[in-house]
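Take a look at the letters that make up each chain.
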Amino acid sequence: MDQISQMLVNGQRDLSWFEENINDLRMKYNNEFIAFHSKKILEHDSNLNNLIEKLTKKNINLSDVFIKFVSKVKAIL
Amino acid sequence: MIKMKNKIQLQVIEGRLVLTTVIECKSLRIQRQLMDFVVDTGSPNSYLSDKDVRRLQIPIKEKLSKEEVDFGGSRFKQVSLPKIEMYLLKEESGKPLTLSVTISALKTTKTSAKKIQVAQTLPSILGLDFLREQKLSLHVILTEELAYLEY
């Protein structure tokens, strides 16, 4: 499998993991941005810029990391 | 001869239709980057969210903004971007489909920390222009947990 297809497959798996664990994540990280990859939370912060800074300081490659805001309050577009 | 159509799987995440993509844009110095978009037929246009603009470090400060838009209860400046290469996973072959996509960037007009945070919670979206421009049809049967794009 080529690099792009592998990124897409892994991304779909990570999003499925996020969906399966959304209730636990909301309890643990309420009103925070979370960064995750390979079914693991890499970092979290209530401020997006701080989160990106933390990831950068850890030399984490952001190219295959998802960042999402989790909250007990549902958002409507 | 009947021509078979190809499918691209969507996922339902937090009750929304989500498309997993890899994007790339050499003129914006965006290297291959995993991105999730909400497919939103309620939106006429496609947008990169304020969160993803910051994450991708797209330099939009000096770019000319179009009219402002309201989205998810927040007001944003809308900035035109060059075409972005978007890769999607074809369901049958497992190989990527490459699209050239028109999308605008959103930047919040808010200045207070709380309102900026609210604006940054919103996802990047693909609207009706994406489906039209790429000649894609959207199929959703939620009772069968079936959601996909067809081309």
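Just above sits the structure.
Just so you know, these numbers come straight off a predicted model, no measurement behind them. (Residues numbered from 1 in each chain as written. Chains lettered and ligands numbered in written order. Predicted model: local features only at pLDDT ≥ 70, side-chain atom pairs only at ≥ 80, totals over all residues.)

Peer 1: With reference to specific residues and values, describe the overall build of chain A.
Peer 2: Tallying secondary structure elements over chain A gives three helices and three strands in all. Each principal axis of the C-alpha atoms in chain A carries an extent, and together these give about 40 × 30 × 25 Å. Looking at chain A as a whole, 27% of its 77 residues are labelled buried. Here the analysis covers contacts within chain A between residues at least 6 apart in sequence; of these, 45% occur between residues at least 24 apart. (Helix = DSSP H or I, 4+ residues; strand = E, 2+ residues; numbered from the N terminus. Buried ≥ 20, exposed ≤ 12 C-beta atoms within 10 Å, placed from the backbone. Contact = placed C-beta atoms within 7 Å.)

Peer 1: Before we move on, can you summarise the interface of chain A and chain B with the specific residues and values?
Peer 2: Taken together, the contact pairs 24 residues of chain A with 23 residues of chain B. Listed by contribution, the elements that provide at least two residues to the side of chain A that touches chain B are helix 1 (3–20), helix 3 (48–57) and strand 3 (66–70) of chain A. Top contributing element to the side of chain A that touches chain B by residue count: helix 1 of chain A, with 11 residues. Taken together, the residues that form the side of chain A that touches chain B break down as 16 nonpolar, six polar and two charged. (Nonpolar A, V, L, I, M, F, W, Y, C, P; charged D, E, K, R; others polar.)

Peer 1: Please set out the sheet that holds strand 13 (residues 146–150) of chain B residue by residue, giving values where relevant.
Peer 2: To summarise the sheet geometry, strands pair through backbone hydrogen bonds and adopt either a parallel or an antiparallel arrangement. Residues and elements named next belong to chain B. Here three strands make up an open sheet; going across it, the order is 1-13-12 and the pairing antiparallel. Two strands lie at the open edges of the sheet, namely strand 1 (7–9) and strand 12 (137–141), each paired on one side alone. Taking each pair of neighbouring strands and ignoring which way they run, the sheet shows an average axis angle of 25°. One ladder, built from three bridges, connects strand 1 with strand 13; its direction is antiparallel. Directly across from lysine 7, in strand 13, lies its bridge partner glutamate 150. (Pairing = 2+ DSSP bridges. Axes fitted to C-alpha atoms, helices over the stretch in contact; angles between N-to-C directions.)

Peer 1: Pulling in residues and values, what's your account of the sheet that holds strand 1 (residues 32–37) of chain A?
Peer 2: Residues and elements named next belong to chain A. If you trace the three strands from one edge of the open sheet to the other, you get 2-1-3, paired in antiparallel fashion. Looking at the sheet topology across the chains shown, the edges are occupied by strand 2 (40–45) and strand 3. The mean inter-strand angle of the sheet, taken between neighbouring strand axes irrespective of direction, is 30°. Judged from the five bridges that link them, strand 1 and strand 3 form a sheet pairing that is antiparallel. The residue of strand 3 that forms the bridge with phenylalanine 36 is phenylalanine 66.

Peer 1: Tell me about the pairing of strand 8 (residues 84–89) of chain B, and please be specific about residues and values.
Peer 2: Residues and elements named next belong to chain B. Within strand 8, five of the six residues are buried, which leaves it mostly tucked inside the rest of the structure. Strand direction decides the pairing type here: strand 8 and strand 9 (residues 96–101), joined by six bridges, are antiparallel. Bridge assignment links methionine 86 to a residue of strand 9, and that residue is leucine 99. Taken together, strand 8 and the strand that follows it, strand 9, pair antiparallel across an intervening segment of six residues, in which glycine 94 is found at a positive phi of about 70°.

Peer 1: Provide a residue-level description of helix 3 of chain A, including the pertinent values.
Peer 2: Those residues of helix 3 of chain A not exposed but buried are A:Leu48, A:Leu51, A:Ile52 and A:Leu55. Around the axis of helix 3 of chain A, the buried residues are gathered within 95° of arc, so they sit on the same side. Away from its buried face by more than 90 degrees, helix 3 of chain A exposes A:Asn49 and A:Lys57. Where helix 3 of chain A is buried, its residues contact strand 1, strand 2 and strand 3 of chain A together with helix 1 (50–55) and helix 2 (113–120) of chain B. In the stretch just after helix 3 of chain A, A:Asn59 is the one whose phi turns positive, near 60°. (Arc of directions from axis to C-beta.)

Peer 1: Any details on the nonpolar core? Residues and values, ideally.
Peer 2: Core analysis: the largest hydrophobic core is formed by 49 residues, its most contacted members being A:Leu51, B:Val18, B:Leu19, B:Phe37, B:Val39, B:Ala105 and B:Leu106. Residues contacting B:Phe37, with those up to four places away along its chain left out, are B:Val18, B:Leu19, B:Thr21, B:Ser124, B:Ile125 and B:Leu126. (Core = buried A, V, L, I, M, F, W, Y, C linked by C-beta atoms within 7 Å.)

Peer 1: Pulling in residues and values, what's your account of the environment of B:Tyr87?
Peer 2: Considering the arrangement of structural elements, one finds B:Tyr87 in strand 8. Owing to 22 C-beta atoms within 10 Å, B:Tyr87 belongs among the buried residues under this scheme. Considered as a pair, B:Tyr87 and B:Val22 are 65 residues apart in the sequence and their alpha carbons are 5.1 Å apart. What B:Tyr87 contacts, discounting residues up to four positions off in sequence, is A:Ile4, A:Leu8, B:Thr21, B:Val22, B:Pro96 and B:Thr98.

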